[in-house]
Amino acid sequence: MAMINPRQKELIAKIVYYGPGLGGKTTNLKYIFDHTSPSSRGELVTLNTQGDRTLFFDVLPLNLGTIKGYKIRFQLYTVPGQVFYSESRKIILRGVDGIVFVADSQRERMDANIESIEDLQENLRQYNYSFATMPYVLQLNKRDLPTAVPADEMKKALVIKGEPVVEAIAIRGVGVMETLKEIAKQVLIHLKKEFR
Amino acid sequence: MSFLVLYSEEYEEIKNILMNLKQETNSRIALIVEKNGQPIAFAGEMDGVDTTSLGSLVAGNVAATEGLARMLGEKSFPLMFNEGSRENLHITMIGDRFILAVLFDKKTSLGLVRLRAKNAALKLERVFSKLEEKMKKEKDKLGTGENPLEDLSEEDIDKLFK
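Throughout this description, residue numbers start from 1 for each chain and increase along the sequence as written. Throughout, the order in which chains and ligands are written sets their labels, letters from A for the former and numbers from 1 for the latter. For this predicted model, a pLDDT threshold of at least 70 governs which residues receive local features, and a threshold of 80 or more governs which side-chain atom pairs are given and counted, while totals over whole chains, interfaces and linings are taken from all residues. Computation of side-chain values covers all heavy atoms of the structure but excludes hydrogens and water.

Draft legend 1. Broad picture of the overall build of chain A. Secondary structure elements are taken from DSSP: a helix is a run of H or I of four residues or more, a strand is a run of E of two residues or more, and numbering for both begins at the N terminus. Assigned secondary structure in chain A consists of five helices and eight strands. From first element to last, N terminus to C terminus, chain A shows the α and β order β-β-α-β-β-β-α-β-α-β-α-β-α. With respect to the principal axes defined by its C-alpha atoms, chain A has extents near 50 × 35 × 30 Å. With a 1.4 Å probe rolled over the protein chains alone, any residue whose accessible area is under 20% of its type maximum counts as buried; one over 50% counts as exposed, and the rest are partly exposed. A buried classification covers 59% of the 196 residues belonging to chain A. Summing over all exposed atoms, chain A offers an accessible surface of approximately 8,100 Å²; the carbon and sulfur share of this is 50%. When charges are counted, neither His nor the chain ends are considered; positive counts come from Lys and Arg and negative counts from Asp and Glu. Here the site of a charge means NZ on Lys, CZ on Arg, CG on Asp, or CD on Glu. Computed over 27 positive and 22 negative side-chain charges, the inter-centroid distance for chain A is 8 Å. Per-residue accessibility takes into account occlusion by the displayed protein chains alone, with areas from the Shrake-Rupley method and a 1.4 Å probe.

Draft legend 2. Looking closely at the sheet that holds strand β4 (residues 79-83) of chain B. Residues and elements named next belong to chain B. Spatially, five strands are ordered β3-β2-β6-β5-β4 in an open sheet, and the strand pairing comes out antiparallel. Edge strands, defined here as strands with exactly one partner in the open sheet, are β3 (39-44) and β4. Ignoring which end each strand starts from, the neighbouring axes of this sheet average 15 degrees apart. Set on the sheet, helix α3 (residues 110-137) makes contact with β2 (29-34), β3, β4, β5 (88-94) and β6 (98-104); between it and β5 the angle comes to about 35 degrees. What makes two strands pair is DSSP finding at least two bridges between them. An axis is simply a line fitted to the C-alpha atoms; with a helix, the fit covers only the stretch in contact. Between two such axes, the angle follows the N-to-C directions and lies from 0 to 180 degrees. Should any heavy atoms of two residues lie within 4.5 Å, those residues are considered in contact.

Draft legend 3. Representation of the environment of G175(A) in the model. Residue and element names in this part refer to chain A. In this fold, G175 is placed in the loop between β8 (165-167) and α5 (176-195). The class of G175 is buried, set by a relative accessible area of 11%. Sequence spacing of G175 and A112 is 63 residues, and the spatial spacing of their C-alpha atoms is 21 Å. For G175, the residues in contact, after removing those within four places along its chain, are Q139, V166, E167 and A168.

Draft legend 4. Region of interest: the interface of chain A and chain B. Contact residues are listed per partner, giving 45 residues for chain A and 43 residues for chain B. As a working definition, buried area equals the accessible area (1.4 Å probe) given up by two parts on being put together, with both sides summed. Around 4,100 Å² of area is buried between chain A and chain B when both sides are counted, 61% of it from carbon and sulfur atoms. The largest contributions to the chain A side of the interface with chain B come from M1(A), R7(A) and F195(A), which together make up 17% of the buried area. Here, a salt bridge means any Lys or Arg side-chain nitrogen found within 4 Å of an Asp or Glu carboxyl oxygen. In this structure, the connection of chain A to chain B is made through four salt bridges. Among the salt bridges present, the one from R7(A) reaches E12(B), with a minimum N-O distance of 2.4 Å.

Draft legend 5. Just the pattern of salt bridges, in detail. Residue and element names in this part refer to chain B. Within the structure shown, the criterion is met by 21 salt bridges over all chains. Across the salt bridge formed by R97 and E132, the nearest N and O atoms sit 3.0 Å from each other. A residue pair is termed long-range when its members are at least 10 positions apart, and R97 in the loop between β5 and β6 and E132 in helix α3 qualify at 35 residues. Bridged by salt links that share partners, the residues E9, E10 and K134 form one connected network.

Draft legend 6. Geometry of the packing of aromatic side chains. In this analysis, rings of Phe, Tyr and Trp, with Trp reduced to its six-membered ring, are considered paired at centre separations within 6.5 Å, and the interplanar angle assigns stacked below 30 degrees, edge-to-face beyond 60, and tilted for intermediate values. Scanning the model with the defined rule gives six aromatic pairs over all chains in all. Ring centres 6.1 Å apart and planes at 15 degrees place the aromatic pair F81(B) and F104(B) in the stacked group. Of the two residues, F81(B) sits in strand β4 while F104(B) sits in strand β6, which places them 23 residues apart along the sequence. Every member of this aromatic cluster is reached through a ring pair, and the members are F56(A), F57(A) and Y77(A). Our definition puts a charge over a ring when NZ of Lys or CZ of Arg is within 6 Å of the ring centre and also within 35 degrees of the ring normal. One Lys or Arg, K90(A), reaches over the ring of Y127(A) and ends 5.9 Å from the middle of that ring. Above the plane of the ring of F131(A) lies K161(A), whose end atom (NZ or CZ) is 4.9 Å from the centre.

Draft legend 7. Main features of the packing of helix α1 (residues 8-25) of chain B against α3(B). All names here are of chain B. Where α1 contacts α3, the two axes come as close as 10 Å, and the packing angle between them is 180 degrees. On the basis of their axis angle, the class for α1 and α3 is roughly antiparallel. Of α3, the residues touching α1 (which contributes E9, E10, E13, I14, I17, L21, E24 and T25) are L112, V113, R116, A117, A120, K123, L124, V127, F128, K130, L131 and K134. We call Asp, Glu, Lys and Arg charged. Ala, Val, Leu, Ile, Met, Phe, Trp, Tyr, Cys and Pro are nonpolar, and the rest, Gly among them, are polar. Its residues placed into classes, the contact of α1 with α3 shows eleven nonpolar, one polar and eight charged. Any angle from 65 to 115 degrees is called roughly perpendicular, while one under 35 is roughly parallel, one over 145 is roughly antiparallel, and all others are oblique.

Draft legend 8. Highlighting a nonpolar patch on the surface. Without a salt bridge and with relative accessible area above 30%, a residue can belong to a patch; like charges are then joined within 9 Å and nonpolar side chains (Val, Leu, Ile, Met, Phe, Trp, Tyr) within 5 Å. Among the surface-exposed residues, L68(B), M71(B), L72(B) and F77(B) lie close enough to one another that they form a single nonpolar patch of about 450 Å² accessible area. Here F77(B) is to be found in the loop between α2 (51-71) and β4.

Below, the structure written as structure tokens:
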């Protein structure tokens, strides 16, 4: 749920990066953290297990700039991708304004992608959030790997509602900012409609 | 409704309640966080404190504790206390949507913080109910005659990313 504070002149929205384990959600946030000036972002907080897997969530506050004098701030969250952390994923979706689904392009991860999208839809249903109207971007990550499924085949399997698709190699930053821009655009346009 | 508007009048009321709580208890920081991790307002010295990270961790902590409560057959654990060697953190629920966190050191006592935080939470609950009522009624949702997103264009969004 976005927050608007006319006194402080700020608008804050929450974006969640969702997807299967080891798909590159945290890598997206790390790249954004490393390539944004410290004045435009806060600390990247990560709650990891010893094996560097996300345990609970990562969060990165980002100042995008101003529109009509209002500071536009986004809080970027990731969820833990591993199947058994379902309860944590649900908690983090609370109040979400936009979702980036980070799919793993490797053929052996296709089932995990599909399972994770179904898990996302089920979790949204439990909050009575409409997936149909939720700002949503699909990122096809790890496009550089030799076992990557062709993009068209992935789109056929994973695109649900005609959402924008961005091809990415998050570890090298390819497609990361494009994905962020796409979701930011959708969230702001969605909020504009909500205000009417 | 997919947003929360903090109207100036209620925002000031909230800030005043927090400021009083901070002063009465001689604590370092009093902070309100929405359960989704969004920091709403604070009183105290916030220099060097990343409010977003603090907010998300407090909310995460509350969410995890709620999960624990459900597992143990409790409806909730509305009060939490973390004791450190220098700093302590006291967390109280404000209704079922907001969280009041008070950070304090040895200059004050847990008993005093607990008592005052409970009273402040009741006052804050009333202000937030008022805020929700107002959001339902208000036609100009910001109450200022201005809407930052009214004429939002693709160009505005492109500018954010230059």
